[in-house]
Amino acid sequence: TVMKLLKIFFILLLLTNNLHADNNYFNDGLKLYKNKKYEKAKFKFEQDIVFNPKNEKSYLYLSKIFNYQKKIEFEEQNLNTVLLINPKNEEATFNLAKLKLEKSDFKSSKKLIEKLLSFCKNYCQKSESLKTEIKKSLKK
């Protein structure tokens, strides 16, 4: 029985250490992102996703990195993932609407902005100006 207790203790110890490490991937990625070390930050956010597949923030920051790198398809994939996890993520909805507008997908962009305006708290003003921009684009 002492061996069983020791095994359980070591398993719990390993799990605790892994959980602690998991929490640091996102924070490490955020520090790297703020210091404009995008490739290293991307790796940390991807590591975080392995351990925390529902962490919308890691997907959001990956989308920002892909935006910076002009990798539009990957940016869009990550924004869509954020919205699958949290359909009311204002920043992801706004950024996806902007991306759709840049791709001349006016209908999708308009839908996203209207959806965002129904629940926005922080992106209301930006959303209204994007809505105006979409209307102008639709008239052309």
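Coordinates for the structure precede this section.
Reading the values: rules and limits
Residues numbered from 1 in each chain as written. Predicted model: local features only at pLDDT ≥ 70, side-chain atom pairs only at ≥ 80, totals over all residues. Heavy atoms only, no water. Helix = DSSP H or I, 4+ residues; strand = E, 2+ residues; numbered from the N terminus. Buried < 20%, exposed > 50% of the residue type's maximum accessible area, 1.4 Å probe, protein only. Contact = heavy atoms within 4.5 Å. Areas by Shrake-Rupley, 256 points an atom, 1.4 Å probe, with all protein chains shown as cover. Disulfide = S-S within 2.5 Å. Axes fitted to C-alpha atoms, helices over the stretch in contact; angles between N-to-C directions. Parallel < 35°, antiparallel > 145°, perpendicular 65-115°, else oblique. Left-handed = near helix turned anticlockwise from the far one by under 90°. Nonpolar A, V, L, I, M, F, W, Y, C, P; charged D, E, K, R; others polar. Core = buried A, V, L, I, M, F, W, Y, C linked by side-chain atoms within 4.5 Å. Expected span 1.5 Å × (residues − 1). Arc of directions from axis to C-beta.

**Q** How should the overall build of the protein chain be read in this particular structure?
**A** The secondary structure content of the protein chain amounts to seven helices and zero strands. Mapped in sequence order, the helices and strands of the protein chain form the string α-α-α-α-α-α-α. Each of the 140 residues in the protein chain was classed as buried or not, and the buried ones make up 37%. Intrachain contacts of the protein chain at a sequence separation of at least 6 include 44% that bridge at least 24 residues. Surface summary for the protein chain: the accessible area is close to 9,600 Å², and the carbon and sulfur share equals 57%.

**Q** What is the right way to look at unusual backbone geometry in this model?
**A** Most of the time, phi is negative for any residue but glycine, and the peptide bond is trans. Positioned with a positive phi, K36 is a non-glycine residue whose angle comes to about 60°. On the accessibility criterion, K36 (60% relative accessible area) is exposed.

**Q** So what exactly am I meant to see when it comes to the state of the cysteines here?
**A** Each disulfide consists of one covalent bond between the sulfur atoms belonging to two cysteines. A complete count under the given rule lists one disulfide for this structure. The partner cysteine of C120 in its disulfide is C124, sulfur to sulfur 2.0 Å. Between C120 and C124, the S-S dihedral sits near 110°, and the bridge is therefore right-handed. Using a relative accessible area of 27% as the deciding quantity, one classes C124 as partly exposed.

**Q** How do you make sense of the packing of helix α3 (residues 56–68) against helix α4 (residues 72–85) when you look at a structure like this?
**A** The description of two helices packed together rests on the angle between their axes and the distance between the axes. As a packed pair, α3 and α4 sit with axes 8 Å apart at the nearest point and diverge in direction by 160°. With respect to α4, the element α3 is oriented roughly antiparallel. The handedness of the crossing between α3 and α4 comes out as left-handed. Residues E56, Y59, L60, L62, S63, F66 and N67 of α3 touch α4, and the partners they reach there are F74, E75, N78, L79, T81, V82 and I85. Its residues placed into classes, the contact of α3 with α4 shows eight nonpolar, four polar and two charged.

**Q** Can you walk me through the nonpolar core in this structure?
**A** Looking at soluble globular proteins, one finds that nonpolar side chains tend to be buried together. Counting residues in each nonpolar core, the largest one holds 31 residues, and the members touching the most others are Y33, F45, I113, L116 and L130. Elements represented by at least two residues in this core include exactly α1 (2–34), α2 (38–51), α3, α4, α5 (90–102), α6 (106–119) and α7 (124–139). Ignoring anything within four residues of it in the chain, the contact list for L116 reads E90, T93, F94, Y123 and S127.

**Q** Can you walk me through α4 in this structure?
**A** Residues separated by three or four positions in an α-helix point in the same direction, a consequence of the helix having 3.6 residues per turn. Between its first and last C-alpha atoms α4 spans 20 Å; for 14 residues at 1.5 Å apiece the expected length is 20 Å, and the two agree. Turning to α4, its buried residues number three or more, namely E75, E76, N78, L79, V82 and L83. Down the axis of α4, the sector holding all buried residues measures 165°, keeping them to one side. Those residues of α4 that are exposed and aimed more than 90 degrees away from the buried face are E73 and L84. Of the surrounding secondary structure, the elements contacted by the buried residues of α4 are α3 and α5.

**Q** Sorry, what's going on with the environment of N95 here?
**A** Note that N95 resides in helix α5. Between the C-alpha atom of N95 and that of L112, which follows or precedes it by 17 residues, the distance is 9.7 Å.

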